[in-house]
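Summary of the model geometry
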Amino acid sequence: MIKVDQLSKFFGAKRAVDGVTFEVARGEVLGFLGPNGAGKSTTMRMITGFITPTSGSVHVGGHDLSLEPVAAKRRIGYLPENAPAYTDMTVKGFLQFAAEIRGLRGAARNAAVQAVVEKCFLQAVLHQNVDTLSKGYRHRTCFAQSIIHDPDVLVLDEPTDGLDPNQKHEIRQLIRQMGREKAIIFSTHILEEVDAVCTRAMIIDRGRVVANGTPRELRRKSEWSGAVSLNIKGMGVNAIREQLGRIPSVRRLAVESTADWVAVTAFPHPDRVIDVTRDILTATQGWQVEALRTEEGRLDDVFRRITLPETAAREAKS
Amino acid sequence: MSSIGNIRTILKREISAYFSSPVAYVFIVIFLLLNGFFTFMVGGFFERGEAALGNAFFNWHPWFYLFLVPAVGMRLWADERRVGTLELLLTMPITPWEAIVGKFAASWLFLGLALALTFPVVLTVNYLGSPDNGVILTAYVGSWLMSGAYLAISCITSAMTRNQVVSFILSVVACLFLILAGFPPVINLLQALPGHWQWLVDAVTSFSVITHFSGFQRGVLDSRDVVFFLSVILFSLFTTSVILRTRRTN
């Protein structure tokens with residue numbers, strides 16, 4: 001549905017987006033991750049046709065955005081960052097306008113407005129002016145505008161930004177639901193959201209795609225992937241260090257002693273991840289092990305490693 | 001989906017935006033008060049003793065519009081940019097032209113409404129004497145065209161900035177130039193130049209709204225004057241589209 005090819009954007013000499021290439025198919029929810037200023041919003045603005053790219057192309061539903069902008073835009077629903085809406089209109093008026101400008105007239109328009117009002121829980125504020133809305137309602141109003149014409153493609157720039165946990169949950173539910181029959185791109189800073197909603201995640205940093213895969217694949221890149229954490233009672237720190245340090249599949253140990261037990265995390269060698277749990281189980285036979293679990297890998301760790309390689313390396317050493 | 005349909009949707013939204021805030025009412029009241037005051041008190045409508053509006057009433061319009069039209073036009077694009085709705089508008093399935101024309105048309109119709117509400121002056125002059133209503137109608141058409149030219153210039157300055165005050169000041173200056181180019185003191189100054197500079201005088205005065213409006217005031221519907229106002233409007237709207245486009249690439 002969305003095909004982005006070698007998309008680049010320069011603001012003067014500053015490179016905002018540099019050769020970004022990816023595709024999103026129907027039924028996919030692509031999470032867009034990256035530090036602030038990495039080029040997420042710029043990329044989304046180019047996909048929706050707000051900013052013209054310096055080079056590269058965007059196809060939406062088979063239409064080249066630069067050649068058939070109106071046909072391409074018709075298939076997109078867009079929630080810009082900060083969820084702007086006309087402050088001098090009521091919620092109802094704004095949604096009616098959004099429906100009309102997308103070609104819905106008369107009864108079709110009213111039905112579309114009614115449908116999104118129910119979906120986004122806007123009934124209570126329907127006749128209120130947009131500038132009197134709380135942030136959550138304004139956000140949902142703008143979100144409602146983006147799905148009012150039931151588009152094939154949804155581009156959402158930080159859809160859950162500034163919402164309370166309940167509202168975040170609702171929006172995530174909606175995205176996941178709609179993701180079954182649409183192609184969705186959304187950007188976020190919240191890594192749990194990627195697990196909750198995305199079928200695929202992409203990390204972009206300094207305008208380049210630096211990682212692209214399912215959340216699971218990304219987590220495997222983490223140092224924590226396959227690491228074994230255990231709490232041991234009745235042994236000294238040094239003894240534990242010595243015994244566990246001898247296991248060949250363990251690359252590094254993190255040991256921390258508390259009043260009751262010693263907490264140990266064994267990080268595996270990347271190529272021996274499968275062995276490490278078994279090796280540790282063998283080595284600790286007869287010990288007083290309180291808890292033992294294998295980590296799946298942490299997205300925030302991957303995120304930091306990829307976008308801040310120097311700092312992450314320094315922290316790993318210390 | 002037709003262009004006309006899109007333009008109408010934009011137009012409807014803009015008009016309702018004017019009337020959902022007090023701006024529209026304030027503007028209309030001020031416009032009417034100014035008209036009344038200047039026509040009867042300063043313009044000496046009664047002292048003139050003539051059954052016409054050309055001088056006492058329409059003479060002031062280029063000057064009223066100088067401040068009032070930029071006040072109407074300043075929010076058109078600047079506010080969209082400030083609030084961020086520009087991003088919504090330009091990612092909708094419409095062409096930038098449809099948005100530009102729709103917004104311009106809405107404001108122009110609004111100005112037309114304000115102008116039409118001065119009708120009591122026409123009733124008065126008809127009650128007191130028997131004026132040539134054809135002349136009055138022509139002058140109204142000219143006045144509306146002139147307000148359209150000012151408005152289109154305000155569109156340019158509004159598209160240039162997110163700050164409405166900056167937009168207002170820039171467009172007052174630009175419109176002032178259009179007035180002064182035909183203002184007698186300025187023309188007299190230019191005419192002091194040697195004879196072979198006459199082309200410059202002609203060039204400058206041909207840009208003046210006053211020169212082009214004076215025909216309408218006398219009831220002369222000259223196609224050159226109509227073309228002048230329409231071409232200022234078209235050129236300005238085109239410039240607006242260029243500014244919006246370059247703003248999107250930078």
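As the structure is a computational prediction, the values presented were derived from the model and not from experiment.

**A few points about the overall build of chain A**
Looking only at helices and strands, chain A has twelve helices and 14 strands in total. Judged by the C-alpha coordinates and their principal axes, chain A covers about 75 × 45 × 30 Å. Counting only residues that meet the buried cut, chain A has 43% of its 318 residues in that class. Put simply, of all contacts in chain A between residues at least 6 apart along the chain, 68% involve residues at least 24 apart.

**Describing the interface of chain A and chain B**
Contacts between the two partners involve 24 residues from chain A and, on the opposite side, 22 residues from chain B. Breaking the side of chain A that touches chain B down by element, the ones donating at least two residues are helix 2 (69-74) and helix 3 (91-101) of chain A. With four residues, helix 3 of chain A is the largest single contributor of residues to the side of chain A that touches chain B. Looking at the side of chain A that touches chain B residue by residue, the classes come out as twelve nonpolar, seven polar and five charged.

**Thoughts on the packing of helix 9 (residues 133-160) of chain B against helix 10 (residues 164-180) of chain B**
All names here are of chain B. The contact between helix 9 and helix 10 brings their axes to 8 Å, and the two run at 140°. Taken together, the axis directions place helix 9 and helix 10 in an arrangement best described as oblique. In the crossing of helix 9 with helix 10, the sense of the turn from one axis to the other is right-handed. Residues Tyr 150, Ile 153, Ser 154, Thr 157, Ser 158 and Met 160 of helix 9 form the contact with helix 10, whose own contacting residues are Ser 167, Leu 170, Ser 171, Ala 174 and Cys 175.

**Quick notes on the environment of Ser 208 of chain B**
Residues and elements named next belong to chain B. For Ser 208, the position within the fold is in the loop between helix 12 (198-206) and helix 13 (209-217). Under the C-beta neighbour-count criterion, Ser 208 is labelled buried, with 21 such atoms within 10 Å. Here the alpha-carbon distance between Ser 208 and Ala 99, two residues 109 residues apart in the chain, equals 29 Å. Not counting chain neighbours up to four residues away, the residues in contact with Ser 208 comprise Leu 178, Ile 179, Ala 181 and Gly 182.

**A few points about unusual backbone geometry**
Residue and element names in this part refer to chain A. Even without glycine at this site, Gln 6 takes up a positive phi of about 50°. Its place among the elements puts Gln 6 in strand 1 (residues 2-11). Residues other than glycine seldom take positive phi values, yet Ala 83 does so here, at roughly 45°. Examined against the element boundaries, Ala 83 turns out to sit in the loop between strand 6 (76-79) and helix 3. Classification of Ala 83 as buried rests on a count of 24 C-beta atoms within 10 Å.

**Regarding the sheet that holds strand 6 of chain A**
All names here are of chain A. Here six strands make up an open sheet; going across it, the order is 6-7-8-3-9-10 and the pairing mixed. On the outer flanks of this sheet lie strand 6 and strand 10 (208-213), each paired with one strand and no other. Each strand of the sheet is rotated relative to its neighbour by a mean of 15°, with strand direction disregarded. Direction of pairing for strand 7 (residues 153-157) relative to strand 8 (residues 183-187): parallel, over a ladder of five bridges. By the bridge assignment for strand 8, Leu 154 is matched with Ile 184.

**Thoughts on helix 4 (residues 106-119) of chain A**
All names here are of chain A. Counted at 1.5 Å a residue, the expected span for helix 4 with its 14 residues is 20 Å, and the 20 Å between its end C-alpha atoms agrees. Summarising the contacts, the buried residues of helix 4 are in contact with helix 3 and helix 5 (135-147). At the exit of helix 4 stands Phe 121, carrying a positive phi of roughly 55°.

**Comments concerning the sheet that holds strand 14 (residues 288-294) of chain A**
All names here are of chain A. Read across the open sheet, the four strands follow the order 12-13-11-14; overall the sheet is antiparallel. The strands lining the two open edges of the sheet, one partner per strand, are strand 12 (250-257) and strand 14. Between one strand axis and the next, the sheet turns through 20° on average, direction left out of account. Direction of pairing for strand 11 (residues 228-233) relative to strand 13 (residues 262-268): antiparallel, over a ladder of five bridges. The residue bridging Val 228 from the neighbouring strand is Ala 266, located in strand 13. Here helix 9 (residues 237-245) sits on the sheet and contacts strand 11, strand 12 and strand 13; the angle it forms with strand 12, its principal contact strand, is near 165°. This element, helix 10 (residues 273-283), spans strand 11, strand 12, strand 13 and strand 14 of the sheet and lies at about 150° to strand 13.

**Looking at the confidence of the model for chain B**
Residue and element names in this part refer to chain B. Of the residues in chain B, 99% have a pLDDT of 70 or more, and the chain-wide mean is 90. Looking at the elements of chain B, mean pLDDT is at its lowest for helix 11 (residues 184-191), recorded as 79, and at its highest for helix 7 (residues 96-116), recorded as 96. Complex prediction metrics read pTM 0.86 and ipTM 0.87.

**Topic: helix 13 of chain B**
Residues and elements named next belong to chain B. Listing the buried residues of helix 13 in full gives Val 209, Ile 210, His 212, Phe 213, Phe 216 and Gln 217. Buried residues in helix 13, looked at end-on, bunch into an arc of 165°, giving them a common side. One or two steps after helix 13, the chain reaches Gly 219, where phi turns positive at roughly 90°.

**Comments concerning the pairing of strand 3 (residues 29-33) of chain A**
All names here are of chain A. Taken across its five residues, strand 3 has five buried, putting it largely inside the fold. Relative to strand 8, strand 3 runs parallel, the two being bridged by four bridges. In the sheet register, Leu 30 faces strand 8, and the bridge partner there is Ile 185.

About the thresholds
- Residues numbered from 1 in each chain as written.
- Chains lettered and ligands numbered in written order.
- Predicted model: local features only at pLDDT ≥ 70, side-chain atom pairs only at ≥ 80, totals over all residues.
- Helix = DSSP H or I, 4+ residues; strand = E, 2+ residues; numbered from the N terminus.
- Buried ≥ 20, exposed ≤ 12 C-beta atoms within 10 Å, placed from the backbone.
- Contact = placed C-beta atoms within 7 Å.
- Nonpolar A, V, L, I, M, F, W, Y, C, P; charged D, E, K, R; others polar.
- Axes fitted to C-alpha atoms, helices over the stretch in contact; angles between N-to-C directions.
- Parallel < 35°, antiparallel > 145°, perpendicular 65-115°, else oblique.
- Left-handed = near helix turned anticlockwise from the far one by under 90°.
- Pairing = 2+ DSSP bridges.
- Expected span 1.5 Å × (residues − 1).
- pLDDT = per-residue confidence, 0-100.
- Arc of directions from axis to C-beta.

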